[in-house]
Amino acid sequence: MAILSLIFAAGTFAGSFFYTLALRYIEGSFKSDPFKALFSRSKCNNCKNPLGIVSLIPIVGYLLNFGKCKICGARISISYPLWEIFYGLLAVAVFYIKGVSLLSLFIYLICSVVTALAIVDYRTMIIPPSLVLLIVALSIYPISKSGDIANNFYGFLLLSIFFLLMLFIFPGAFGGGDIKLYMAAGFLLGLEMSIVLLEISLVSGALFGTIYALLKGGNFRLKIPFAPFIAFGIIITLLFGDTILLFYYRSFLW
């Protein structure tokens, strides 16, 4: 229990970093000065003063300051502690399911990056190529541990061909960023896991899109950000992909 508490705490600090990272992509900070956007200290959105050390402590800082800037008293969005809690719980889930190891750390970092990427896409309808490249870089260690790089290449090939065909049949159905993210995920997950990812992301995206369109008066031409569903599929596949595949094999092949 103590180790899980430490993992949760570490996850909240990671969440503070990755959520701030997403916000800086949304604000366009990386276009003007990537180094400053990555390493500069967080500031109050209202008075622009740097946050104090206590304020930077995930969850605790928000509670101690009653959700307000200590200097100007402006309200701080509750999304900050909520995302910190999410990242903390995600860390617990990854290390509890996968065990405490270097591989689990890389899996958690990949899940963290795709979550940040999903936040950016939700707010801007843009998938930053640099975050996709970061996912590819973080995938190198898990792929090397799998010992079957050909399988990873087949996953990349499967999703590449599938979405190139989708673009040919349904032009504009997916953005270029979505396809690049799927390709990176295919390389990470391999052939069978890529099929699991496809099912989870496409089904969840279709269900949400249908409900959203109906709520908007039946306008099925509305575009929705799709990276959140890809990210959801990647996380679920990384954590439960083996169990899902085993269920399929038992249900349809045995």
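Here's a quick rundown of the structure. (Residues numbered from 1 in each chain as written. Predicted model: local features only at pLDDT ≥ 70, side-chain atom pairs only at ≥ 80, totals over all residues. Heavy atoms only, no water.)

1. Thoughts on helix α1 (residues 2-27)
So, step 1. With 26 residues, α1 extends 38 Å between its outermost C-alpha atoms, agreeing within 8% with the 38 Å of an ideal straight helix rising 1.5 Å per residue.
So, step 2. In the stretch just after α1, Gly28 is the one whose phi turns positive, near 85°. (Helix = DSSP H or I, 4+ residues; strand = E, 2+ residues; numbered from the N terminus. Expected span 1.5 Å × (residues − 1).)

2. Considerations on the side chain of Thr20
So, step 1. For Thr20, the location among the structural elements is in helix α1.
So, step 2. You can call Thr20 buried: its relative accessible area is 16%.
So, step 3. For Thr20, the side chain forms a polar contact with the main-chain oxygen of Ser16, separated by 2.7 Å. (Buried < 20%, exposed > 50% of the residue type's maximum accessible area, 1.4 Å probe, protein only. Polar contact = N/O pair within 3.5 Å; in protein donor to acceptor, adjacent residues only side chain to side chain.)

3. Regarding unusual backbone geometry
Where the residue is not glycine, phi is negative for most of them; where a peptide bond is considered, it is trans in most cases.
So, step 1. Of note in the backbone geometry, Ile59 takes a positive phi value of approximately 65° without being a glycine.
So, step 2. Among the secondary structure elements, Ile59 is positioned in the loop between α3 (34-39) and α4 (60-64).
So, step 3. For Ile59, a relative accessible area of 18% corresponds to the buried category.
So, step 4. The phi angle at Met125 is positive, at roughly 60°, despite the residue not being glycine.
So, step 5. Mapped onto the fold, Met125 is located in the loop between α6 (102-124) and α7 (129-146).

4. Considerations on the environment of Ser101
So, step 1. Along the chain, Ser101 falls in the loop between α5 (79-98) and α6.
So, step 2. For the pair Ser101 and Tyr122, spaced 21 residues apart in the sequence, the C-alpha separation amounts to 32 Å.
So, step 3. At 3.2 Å, the side chain of Ser101 and the side chain of Ser104 are in polar contact.

5. Here's the deal with a nonpolar patch on the surface
So, step 1. A cluster of nonpolar residues, Phe153, Tyr154, Leu157, Ile161, Leu165, Phe168, Ile169, Phe170 and Leu191, forms a patch on the protein surface that exposes about 930 Å² of accessible area.
So, step 2. Top contributing element to the nonpolar patch by residue count: helix α8 (residues 149-169), with seven residues.
So, step 3. With respect to the helices and strands, Leu157 occurs in helix α8.
So, step 4. Residue classification places Leu157 among the partly exposed positions, given a relative accessible area of 35%. (Patch = residues over 30% accessible without salt bridge, like charges linked within 9 Å, V, L, I, M, F, W, Y side chains within 5 Å. Areas by Shrake-Rupley, 256 points an atom, 1.4 Å probe, with all protein chains shown as cover. Salt bridge = Lys/Arg side-chain N within 4 Å of Asp/Glu carboxyl O.)

6. Overview of the packing of α5 against α6
So, step 1. Contact geometry of α5 with α6 gives a least axis separation of 10 Å together with a crossing angle of 150°. Considering how the two elements wind past one another, α5 and α6 form a crossing that is right-handed. Along its contact with α5, which presents Trp83, Phe86, Tyr87, Leu90, Ala91, Val94, Phe95 and Lys98, the element α6 presents Ser104, Leu105, Ile107, Tyr108, Cys111, Ser112, Thr115, Ala116 and Ile119.
So, step 2. Here the contact of α5 with α6 is composed, by residue class, of 13 nonpolar, three polar and one charged. (Axes fitted to C-alpha atoms, helices over the stretch in contact; angles between N-to-C directions. Left-handed = near helix turned anticlockwise from the far one by under 90°. Contact = heavy atoms within 4.5 Å. Nonpolar A, V, L, I, M, F, W, Y, C, P; charged D, E, K, R; others polar.)

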